[in-house]
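Working through the structure, step by step
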Amino acid sequence: MIHISLSTPHVHRKMVKVRMTFLSSSNSQIVQLSSWRPGRYEMGNFAKNISHVKAYNTSNEKISTHKIAKDQWQIACGNEEQITFEYFYCAAELNAGSTYVNSQMLYVNPVNCIPFLPGRADEKYTVEILDSYAHLSCGLPHEGNKLFAQNFDELADSPFVASRNIEVLSQEINDVVFYANIFGITNLNFERFWNDVRIYTQFQLNIFGEFPVSKYRYLLHFTPYFMHHGVEHNTSTVIVMGHGENFDREEKYNEMLAICSHELFHTWNVKTLRPVEMMPYDFTKENYTQLGYVDEGVTTYYGDLCLRRSGIWNNDLWKLSLEKWLNSHHRNYGRYSYSVADSSVDTWLDGYTPGVPWRKVSIYNEGALLSMILDIELIASTNGEKSMDDVMHQMYQQFAKKNTGYSVEDYWKTLVDLGLSNAHEFKTNIAESAIDYSSYLKNAFDKIGVELIWSPSAFATERLFGFSVDIQMGKSKVTSVCMNSAADMGSLWYGDEILEVDGITVDKNVNFLIEATTTTQLLILRNGVQMELTLHSKPELPIIQQSHISFPENNSLFNCWIGKRNA
Ligand SMILES: [Zn+2]
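Numbering of residues begins from 1 in every chain and follows the order in which that chain's sequence is written. Owing to the predicted nature of the model, reporting of local features is limited to residues with pLDDT of at least 70; listing and counting of side-chain atom pairs is limited to 80 or more, with chain, interface and lining totals taken over all residues. The basis for the side-chain values is all heavy atoms of the structure; hydrogens and waters are excluded.

A short note on the overall build of the protein chain
Numbering goes from the N terminus for both helices and strands, where a helix is a DSSP run of H or I of at least four residues and a strand is a run of E of at least two. A count of helices and strands for the protein chain gives 17 helices and 28 strands. Overall, the protein chain is about 80 × 60 × 45 Å in size when its C-alpha atoms are taken along their principal axes. Burial classes: relative accessible area under 20% of the type maximum marks a residue as buried, over 50% as exposed, and values in between as partly exposed (1.4 Å probe, protein chains only). A total of 567 residues make up the protein chain; the buried ones form 55% of that total. Whether two residues are in contact is decided by their heavy atoms, any of which lying within 4.5 Å being enough. Intrachain contacts of the protein chain at a sequence separation of at least 6 include 66% that bridge at least 24 residues. Here the Shrake-Rupley method, with its probe set to 1.4 Å, supplies the accessible areas, and only the displayed protein chains count as covering residues. If you sum the accessible surface of the protein chain, you get close to 23,300 Å²; carbon and sulfur atoms cover 49% of it. Residues scored as charged are limited to Lys and Arg (positive) and Asp and Glu (negative), so that His and the chain ends carry no count. Think of each charge as sitting on NZ of Lys, CZ of Arg, CG of Asp or CD of Glu. In the protein chain, 47 side chains carry a positive charge and 65 a negative one; their mean positions are 4 Å apart.

Set out below in structure tokens:
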């Protein structure tokens, strides 16, 4: 049994005092903190938040401890029976995977602030919160101010919030009890939200036939600034969204539904149905897998698709999602550099930052497009008899229910078994190739009567010269350059700040100044040095385009795709 106590003697310092007490099993004990957290496949190096480390013996006398690796400490236990390991954890960042304290709450993701003892990760944990709070929200069993976990894995996967205030929603769907514990200020319409949650949840339950757990909890933080972040867990999800008072805007409301639907789908896909390389998780190092296009790709696709198919979204909203994925793919020249399978391995390198130009693709975006192509191809080749629903259902039965991981081959074999006989061509030609997906998308769409047209972007910089700008704090910075475009030929590059267009100072909209010119003179700022560039727009040079999708009036396979097949 390992006992943890948490307290925040000075809330404004945002330092949580953690004390870990355990019985010594050797005269030299290693304490290990996780170096990453499931859901974000990159090094988190949470030990950077730890300071003032001390160790004590049974008589509460200090004993020697020192660091032996970036997230390992060694304690000289000697013959002592009970050891206490103590430190401060800086809890200053609020996101869906962090630990954060303020005057209203103590929000903890145990994976980033509570260590384990190597070789003893199967021991039970109790976590005691010493400060007084009115409410405790957690997927773990708890009593008063104490939480109980069967082992480190369960504790690591169970975020909790001790709070002074809380808003709670609950409902039962197919014998599963769902809760939403809400923190912060928001104008979200709870009644509408909770009703929509019921609709998409029922829909997802029908795909898999059952839910892996009997209780599920949404821990929802609303912030007074922009946030969009969610993390999946076995019995809960944490979602941080803001601005909390923007939910009267339909767009923001739909963003909220999409993230909630995505995280719920993860309860099956990745929390229980998991790549073999991550079964079990190794919290000490990178857990490489090429299957990010299933973990996040299928989940991203289904998160939105379930909103359309369950009827919460109409065709227009579904089209917006598709066009967003298509446009992101078209604008990312990293598609000619690394495949989505290779980019999955590289999340550990730079997966959550834009990275250097033209380097990689996204397991979310390209993963969703690949999932959509496979779904449509499977529907078309089985004349609507089978779809990705069946793939996920079968994989869940075959692997998740038996508590075993699945391999790359297992996934593609399931597609073949269900009727996509040429699935391996998609594996080789799309999933494992650095290519543009357009022709595969067009082929798939043709089969269900969906029309995909590309037209020049509405923005002049993109339409005429093949570059995009982002205007922030009055500065127009280049964020994308199309390969071999007029901008590329004219030596414009990522990060350049545009100061003048044809002698006119760029104030707000560079697109307005550049409109209707075929040659433009730019004054730019690059690494603190001003320079002049001349761009020549020519019809034969590539430009940035945008996608337009139209749906058929009446097509039975199209109806299979977005219809309520399993309702
Ligand atoms: Zn996800």
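Now that the structure has been shown, we can carry on.
Examining the sheet that holds strand β2 (residues 15-23)
Pairs of strands are assigned from DSSP output, requiring at least two bridges between the strands. Overall, mixed pairing links the 8 strands, which are arranged β5-β4-β8-β2-β1-β11-β14-β13 in an open sheet. Edge positions in the sheet fall to β5 (62-63) and β13 (142-143), since each of these pairs with one other strand and no more. Sheet analysis places strand β4 (residues 50-56) next to strand β8 (residues 82-90), joined by 5 bridges and oriented antiparallel. Residue pairing across strands places Lys54 opposite Glu86, the latter belonging to β8.

Considerations on the pattern of salt bridges
The salt bridge criterion pairs a side-chain nitrogen of Lys or Arg with a carboxyl oxygen of Asp or Glu, the two atoms within 4 Å. The final tally for this structure, using the stated rule, is 22 salt bridges. Asp71 serves as the salt-bridge partner of Lys70, at 3.2 Å between the closest nitrogen and oxygen. A salt bridge links Lys252 to Glu255; the shortest N-O distance between them is 3.2 Å. Taken together, the residues span about one helical turn, with Lys252 and Glu255 both in helix α4 (residues 250-268) at a distance of 3 residues. Taken together, the salt bridges that share partners define one network made up of Asp346, Asp350, Arg359 and Lys360.

Description of the coordination of the zinc ion
For Na, K and Ca the donor cut-off is 3.2 Å, while for other metals it is 2.8 Å, and in both cases only N, O and S atoms qualify; water is not among them, so sites may look incomplete. Looking at the metal site, the zinc ion is ligated by His262 (NE2), His266 (NE2) and Glu296 (OE), spaced 2.1 Å from it. Mapped onto the sequence, the residues coordinating the zinc ion show the spacing H-x3-H-x29-E. Linking His262 with His266, this pair stays in helix α4, spanning 4 residues, or about one helical turn. A residue is classified by how much of its surface remains accessible, and His262, at 11% relative accessible area, is buried.

Regarding helix α3 (residues 190-208)
For an α-helix the count is 3.6 residues per turn, leaving residues at separations of three or four pointing the same way. In this model, α3 (19 residues) spans 27 Å end to end at C-alpha, consistent with the 27 Å of a helix rising 1.5 Å per residue. If you check which residues of α3 are buried, you get Phe193, Trp194, Asp196, Val197, Tyr200, Thr201, Phe203, Gln204, Leu205, Ile207 and Phe208. Structurally, α3 contributes buried residues whose contacts are with β16 (167-173), β17 (176-183), β18 (215-223), α4, α5 (292-309) and α10 (388-398). We define a polar contact as two N or O atoms separated by no more than 3.5 Å, with the added condition that, inside protein, one atom must be a possible hydrogen donor and the other a possible acceptor, whereas residues neighbouring each other in sequence contribute only through side-chain atom pairs. For α3, the side-chain oxygen to backbone nitrogen distance between the N-cap and Glu191 is 3.1 Å, and the N-cap itself is Asn189. Gly209 sits one or two positions beyond α3 and adopts a positive phi of about 85°. Helices are assigned an expected span. That span is 1.5 Å times one less than the residue count.

Quick look at the sheet that holds strand β6 (residues 65-69)
Within a beta sheet, neighbouring strands are joined by backbone hydrogen bonds and run either parallel or antiparallel to one another. Pairing is antiparallel in the open sheet, where 3 strands are placed in the order β3-β7-β6. Where the open sheet ends on each side, the last strands, each with one partner, are β3 (28-32) and β6. On average, adjacent strands in this sheet sit at an angle of 30° to one another, irrespective of strand direction. The axes are straight lines fitted to the C-alpha atoms, using for helices just the contacting stretch, and the angles between their N-to-C directions are given from 0 to 180°.

Some remarks on the packing of aromatic side chains
For Phe, Tyr and Trp, rings pair up if their centres lie within 6.5 Å, where Trp contributes its six-membered ring, and each pair is then called stacked (planes under 30 degrees apart), edge-to-face (over 60) or tilted (otherwise). All chains considered together, the criterion is met by 42 aromatic pairs. When the centroid spacing of 5.0 Å and the interplanar angle of 75° are considered together, the rings of Trp36 and Trp348 count as edge-to-face. One end of the pair, Trp36, is in the loop between β3 and β4; the other, Trp348, is in helix α8 (residues 347-350), and 312 residues separate them in sequence. For the pair Trp36 and Trp348, one class covers both residues: buried.

What to know about the pairing of strand β20 (residues 236-242)
Burial within β20 is extensive, with 7 of its 7 residues counted as buried. The two faces of β20 match: Ser236, Val238, Val240 and Gly242 on one face and Thr237, Ile239 and Met241 on the other face are all buried. Bridge analysis of β18 against β20 gives 7 bridges, and the strand direction is parallel. Across the sheet, His221 pairs through a bridge with Val240, a residue of β20. The loop that links strand β19 (residues 227-232) with its antiparallel partner β20 comprises 3 residues.

Remarks on the environment of Leu522
Counting through the fold element by element, Leu522 comes out in strand β26 (residues 519-526). Through-space distance from the C-alpha of Leu522 to that of Val53 is 55 Å; in sequence the pair is 469 residues apart. When residues no more than four places from it in sequence are discounted, the contact partners of Leu522 are Leu492, Ile498, Glu500, Val501, Ile514, Met531, Glu532, Leu533 and Leu535.

Considering the side chain of His221
With respect to the helices and strands, the residue His221 is situated in strand β18. When sequence neighbours within four positions are dropped, the list of residues in contact with His221 reads Leu94, Met105, Tyr107, Val161, Phe183, Val238, Ile239, Val240 and Met241.

Things to note about helix α9 (residues 365-381)
Between its terminal C-alpha atoms α9 stretches 24 Å, which fits the 24 Å expected from 17 residues at 1.5 Å a residue. Across the 17 residues that make up α9, a large majority, 15, are buried. Following α9 by one or two positions, Asn383 adopts a phi angle in the positive range, close to 50°.

Observations regarding the nonpolar core
For the purposes of this section, nonpolar cores are sets of buried Ala, Val, Leu, Ile, Met, Phe, Trp, Tyr and Cys residues that join through side-chain atoms within 4.5 Å. Phe193, Tyr218, Tyr293, Tyr411, Trp412 and Trp561 are the most contacted members of the largest nonpolar core, which has 94 residues in total. With residues up to four places along the chain from it excluded, the contact list for Trp412 reads Tyr293, Leu370, Leu374, Ala423, His424, Phe426, Lys427 and Ala431. Ile83, Leu106, Phe116 and Leu117 belong to the second-largest nonpolar core, a separate cluster that totals 52 residues.

Overview of the side chain of Glu296
Tracing the sequence through the fold places Glu296 in helix α5. Nearest to the buried, unbridged Glu296 among oppositely charged side chains is Arg37, at 8.6 Å. In terms of polar contacts, Glu296 uses its side chain to reach the side chain of His266, at 3.1 Å. In this view, Glu296 contacts Gly39, Tyr41, Glu232, His262, His266, Ile363 and Tyr364; residues no more than four positions away in its chain are not counted.

Observations concerning the environment of Ile379
With respect to the helices and strands, Ile379 occurs in helix α9. Remark: the alpha-carbon pair of Ile379 and Ser51, spanning 328 residues in sequence, is separated by 55 Å.

Observations regarding the state of the cysteines
Here, disulfide denotes a covalent bond that connects the sulfur atoms of two cysteines. Note on disulfides: each one is a pair of cysteine sulfur atoms within 2.5 Å. Taken as a whole, this structure holds 0 disulfides when the rule is applied. Here Cys113 stays unpaired: no disulfide links it, and the sulfur of Cys90, its closest cysteine neighbor, is 11 Å away. Take Cys113: its relative accessible area is 2%, and that puts it in the buried class. We note that Cys306 lacks a disulfide partner, and the nearest cysteine sulfur, in Cys260, lies 13 Å from it. In this structure Cys306 comes out as buried when scored by relative accessible area, which is 0%.

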